[in-house]
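Here is how the chains run, residue by residue.
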Amino acid sequence: MRRKRRPTVERRPTADQSPTVERRSPAKALRRLIIGIDVGGTNTDAVLLDGPRVVHAVKTPTTPDVTTGITTALKELVSEPRPISYTPPSDRPGLTPRVTNIMIGTTHFTNAVVQRRDLTRVAAVRIGLPASASLPPFVDWPEDLAALVRGEVVMLEGGHEYDGRPIVPFDERGMREAARRIRAAGLTSVGIASVFSPLNAECETRAAAILREEHPDATVTLSHQLGRIGLLERENATLLNAALVDLARRTTHAFTAAIAASGLAAPLYLTQNDGTVMLASAAEAFPVYSFASGPTNSMRGAAFLSGLADAMVIDVGGTTTDIGSLRHGFPREANNVVEVGGVRTLFRMPDLLSLGLGGGSLVSDDGAAVGPRSVGYRLVEDGRVFGGATLTATDVAVAAGLTDLGERGRVAGLSGDLVKRAVARMHTMVEEGVDRMKTDAREEPLIAVGGGCFLVPERVPGVSDVVHVPHQAVANAVGAAIAQVSGEIDQIFQNLSRDEAIAAARRRAEARAVEAGADAATLKVVDVEDLPLAYLPGHSLRVRVRVVGDVR
Amino acid sequence: MASLRPVSAEEIESLAIGAWILGTGGGGSPYLALLNMRALYREGARVALMDPMELADDDLVAVVSNMGAPLVGQERLTDPRTIASAVTMMEEYLRRRFRAIMSLEIGGGNAIQPFMAAALLDRPVVDGDCMGRAFPEAQMTSFAIHDLQMYPLTLVDVRHNAVVVARAASWKWMERLSRTACVAVGSIAATCKAPRTGKEIKDCAILGSTSKAIRIGQTVQTARRAHRDPIEALVEAERGRLLFTGKLADVARRATEGFLRGTARIDGLGDFRGHRFELAFQNEFAVGWLDGVPRVTTPDLICVMDSVSGDAIGTETLRYGQRVSVVALPAPPILLTPKGLEHVGPRAFGYDLDFTSVFA
């Protein structure tokens with residue numbers, strides 16, 4: 001019996017598969033405004049972008065229900081100065097401005113894992129027996145998290161070799177029985193991982209089909225859609241995703257409702273780890289793809305606001321400082337195991353150094369120690385300059401004249417020695433962190449962003465220039481607003497030369513990006529990978545191509 | 001000293017840390033093997049370590065290792081039953097029972113393979129191996145240096161497949177035959193190498209390397225707990241030499257003929273600021289140059305470690321920007337003999353350099 005092979009096998013392409021390029025007619029032209037929103041643990045930031053210009057920016061506290069904060073931010077954003085009716089520039093007098101896209105980036109899903117809340121209990125299906133039997137799903141999870149997420153664990157015969165051959169035939173009957181058991185146990189979210197599925201996903205797609213027949217209400221996450229080689233790490237990502245899909249669906253619906261309530265009628269996109277966006281309706285199935293979107297957005301925003309494509313970026317928030325490196329306008333990625341809430345995963349995430357230093361960091365009585373504990377979002381109540389009793393990094397910065405927040409008079413009594421010591425400590429933390437993340441001995445610029453960027457010293461060793469940019473406190477929302485659309489293809493091609501196969505894959509990826517809302521004229525290839533498959537008949541090549549372009 | 005000593009769960013954790021350091025960049029991360037041992041110990045298994053001098057001359061010892069492509073090992077995860085079945089297969093072939101089990105190489109994940117087999121087969125693990133570190137090729141062992149016989153060998157996979165290489169004309173043939181079988185079963189297999197008598201172990205193995213790996217792991221853990229510098233602690237405890245401290249500035253890797261080859265450059269920090277250190281590797285670190293001059297070569301152990309945590313860094317996980325320390329540890333004396341250097345000296349890795357020990 002031969003089943004349909006996935007990824008689909010592509011034979012010689014027909015003559016014309018290039019994406020159609022849609023040209024907007026001048027009559028239809030509108031001034032296109034984009035709203036970018038970043039929902040962080042402390043603040044919800046929002047910006048309104050008109051081309052390269054930030055028209056308006058607001059910062060409001062994140063609310064426990066998330067949506068109230070967004071509604072507040074949107075309300076402020078579209079009120080004075082009311083951009084919907086603002087005067088268009090004189091060179092394009094006839095254009096009516098309109099919000100065409102809303103992009104939201106959020107750390108909501110990461111926080112749910114880290115704080116062990118709002119997680120759905122899942123069923124784990126591993127296909128690969130007799131291989132990998134001694135290390136079942138959840139084997140290396142922290143026990144508290146596993147206790148919340150682990151429902152049924154099923155291990156079945158099947159999976160593939162590195163060259164695409166089956167290890168043993170897939171146990172379809174076992175899968176059918178498992179599906180019934182999962183339904184009977186009342187589990188509605190299922191993660192499926194098969195050995196070597198990034199090379200041959202046949203077992204996973206077949207298992208999903210059987211599950212749908214037996215248990216139509218179940219939501220399924222398949223590992224080959226999420227990760228690459230490395231069974232445990234890919235499976236971990238799959239199970240985390242399965243545990244978050246309910247929350248993602250609820251959150252996305254709440255975002256949509258908040259936008260509708262504000263009277264805007266623009267499509268909603270969610271930003272991804274890699275700095276691109278997916279339509280919210282598609283993104284809600286893959287919450288783990290947004291795990292690192294917060295830092296990615298802030299680094300992309302820093303690049304945009306500064307006009308620099310290659311630089312170091314330091315983002316000082318309320319509790320932590322993230323330091324990363326921009327290359328060609330995108331964050332340099334970490335190329336090893338990334339832990340999320342104590343679970344090992346293999347996502348492509350920005351390579352970041354996180355320090356326990358932020359505007360809300362606690363300062364010891366003698367000033368010698370700063371952080372890692374922080375008052376977080378309570379800074380505006382607990383900080384001394386705001387009338388509270390807790391000595392924070394912000395209070396020290398105000399006393400030292402580095403910034404002007406709250407009432408300076410409230411920190412006038414701090415000893416000069418304490419202030420000097422605490423500032424020196426914070427500067428040392430920043431300097432060491434920057435040095436640690438630098439990959440090149442040459443001096444390069446350092447872009448300082450985030451609400452606490454006044455903690456960054458004027459001069460840093462190894463840094464040519466500390467760059468402060470307008471709207472630096474909302475760089476993450478700017479990064480969300482400028483996110484691009486991607487298209488990806490991952491397919492096996494037969495009887496084509498390597499160049500032909502890559503060209504065919506590229507055309508497909510471009511068509512997908514255009515379908516997802518990209519402007520065809522701006523598409524660029526960002527990733528090409530090809531892998532010969534020795535076992536498959538003919539000359540088989542697996543090709544992965546990713547392109548990105550601006551939102552149309 | 002008692003001939004059999006139970007190994008605690010904590011010591012297994014230390015073994016994983018120490019074995020990764022002795023892997024000198026290769027040998028594969030012990031992480032998955034460690035996960036298996038944690039599971040076995042949770043289920044009540046306890047493995048005993050045996051002083052090799054307690055072996056009778058005619059006792060028979062199984063020498064085990066996992067073989068294959070690291071990439072495949074990331075998908076088809078190592079399983080105690082497979083390595084145990086390689087040992088059982090050899091017993092069936094020989095019609096003799098093994099007294100104990102020993103590791104082929106103490107560097108990396110193979111340090112833990114005999115423990116996995118021992119837990120299931122209820123045998124002790126011999127405190128030793130035949131490399132004292134990790135090496136990429138079959139003839140780079142103390143047994144090969146001593147010209148011991150290289151066959152028979154058993155190779156099994158997770159299915160019901162098993163291969164016996166009954167004879168081989170040379171180490172090269174043994175490598176070729178076993179490699180072919182390994183590729184056929186999916187480029188990952190458990191192997192039981194040529195059985196060794198108690199006398200061969202006592203005369204030709206590298207003795208005490210298992211407890212050495214445990215001790216190294218403990219040194220690092222103790223230093224971490226006391227907020228002391230784990231690198232300094234290791235150098236002091238093992239009479240090593242700190243060769244360089246700096247930041248990884250460049251890595252170039254290429255996969256060739258089944259090996260991961262490449263070079264790395266470290267720019268100096270602290271006392272080494274203004275200097276640079278270059279490393280060449282073939283699975284393991286083979287040569288290090290300080291400011292262009294050869295500073296250390298195999299078989300001296302070249303260990304690259306995270307300067308803060310003291311964790312070993314593998315040649316696969318070297319990454320720009322890492323803060324690393326390069327430490328040399330003394331090689332087992334057998335590797336330093338003229339015959340030993342023929343097998344594992346710099347020329348065996350294609351470097352036209354004479355071996356001069358860092359410790360000379």
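Predicted, not measured: the structure shown is a model, and the values here were computed from it. (Residues numbered from 1 in each chain as written. Chains lettered and ligands numbered in written order. Predicted model: local features only at pLDDT ≥ 70, side-chain atom pairs only at ≥ 80, totals over all residues.)

1. What to know about the overall build of chain B
Looking only at helices and strands, chain B features twelve helices and 18 strands. Compactness check: chain B gives a C-alpha radius of gyration of 19 Å against a globular reference of 21 Å for 360 residues, within 12% of the reference. Of all 360 residues assigned to chain B, the portion counted as buried reaches 57%. Long-range contacts, defined here as pairs at least 24 residues apart, represent 73% of the contacts in chain B between residues at least 6 apart. (Helix = DSSP H or I, 4+ residues; strand = E, 2+ residues; numbered from the N terminus. Rg over C-alpha atoms; globule rule 2.2 N^0.38 Å. Buried ≥ 20, exposed ≤ 12 C-beta atoms within 10 Å, placed from the backbone. Contact = placed C-beta atoms within 7 Å.)

2. So, the domain arrangement of chain A
Residues and elements named next belong to chain A. In terms of domain boundaries, chain A breaks down into domain 1 (117-245), domain 2 (307-471) and domain 3 (483-549). Between domain 1 and domain 2, the C-alpha centre-to-centre distance is 41 Å. Listed by partner, the interface residues are 13 residues for domain 1 and nine residues for domain 2. It is helix H6 (residues 231-261) that provides the largest number of residues to the side of domain 1 that touches domain 2, a total of six residues. (Domains from an automatic or database assignment.)

3. A closer look at helix H4 (residues 172-184) of chain A
All names here are of chain A. With 13 residues, H4 should reach 18 Å at 1.5 Å per residue; the first-to-last C-alpha distance of 19 Å fits that figure. Among the residues of H4, those classed as buried are Met-175, Ala-178, Ala-179 and Ile-182. In a view along the axis of H4, the buried residues occupy a sector of 105°, so they form one face of it. Residues Arg-173 and Ala-184 are exposed on H4 and point more than 90 degrees away from its buried face. Packing partners of the buried residues in H4 comprise strand E6 (122-129), strand E7 (150-157), strand E8 (189-194) and helix H5 (202-214). Remark: Gly-186 follows H4 within two positions and exhibits a positive phi of approximately 80°. (Expected span 1.5 Å × (residues − 1). Arc of directions from axis to C-beta.)

4. Examining the sheet that holds E6(A)
Pairing between the strands of a sheet is mediated by backbone hydrogen bonds and can be parallel or antiparallel. Residue and element names in this part refer to chain A. Taken together, the four strands give an open sheet; going across it, the order is E7-E6-E8-E9, and neighbouring strands pair in parallel fashion. Each edge of the open sheet carries a strand with a single partner, namely E7 and strand E9 (219-222). Taking each pair of neighbouring strands and ignoring which way they run, the sheet shows an average axis angle of 20°. Inspection of the sheet shows E8 paired to E9 by four bridges, in the parallel sense. Bridging across to E9, Val-190 finds its partner in Val-220. The strands touched by H4 within the sheet are E6, E7 and E8, with E7 carrying the most contacts at an inclination of about 170°. Contacting E6, E8 and E9, H5 runs over the sheet at an angle of about 150° to E8. (Pairing = 2+ DSSP bridges. Axes fitted to C-alpha atoms, helices over the stretch in contact; angles between N-to-C directions.)

5. Structural notes on the interface of chain B and chain A
With 24 residues of chain B at the contact, the number on the chain A side is 24 residues. Listed by contribution, the elements that provide at least two residues to the side of chain B that touches chain A are helix H2 (31-42), helix H3 (70-73) and helix H4 (80-94) of chain B. Of the residues forming the side of chain B that touches chain A, the biggest block, four residues, is contributed by H2(B). In terms of residue class, the side of chain B that touches chain A is built from ten nonpolar, six polar and eight charged. (Nonpolar A, V, L, I, M, F, W, Y, C, P; charged D, E, K, R; others polar.)

6. Brief notes about the pairing of strand E4 (residues 100-103) of chain B
All names here are of chain B. Across the two faces of E4 the burial is the same, with Ala-100 and Met-102 and Ile-101 and Ser-103 all buried. As judged from the four bridges shared by strand E3 (residues 60-68) and E4, these two strands associate in the parallel manner. Each residue of the ladder has a partner; that of Val-61, found in E4, is Ala-100.

7. With respect to the domain arrangement of chain B
Residues and elements named next belong to chain B. Each assigned domain of chain B is listed here: domain 1 (4-209) and domain 2 (230-349). Just the C-alpha atoms count here: the centres of domain 1 and domain 2 sit 25 Å apart. Taken residue by residue, the interface counts 20 residues in domain 1 and 23 residues in domain 2. When contributions to the side of domain 1 that touches domain 2 are tallied by element, the ones reaching two or more residues are helix H1 (9-22) and helix H6 (142-145).

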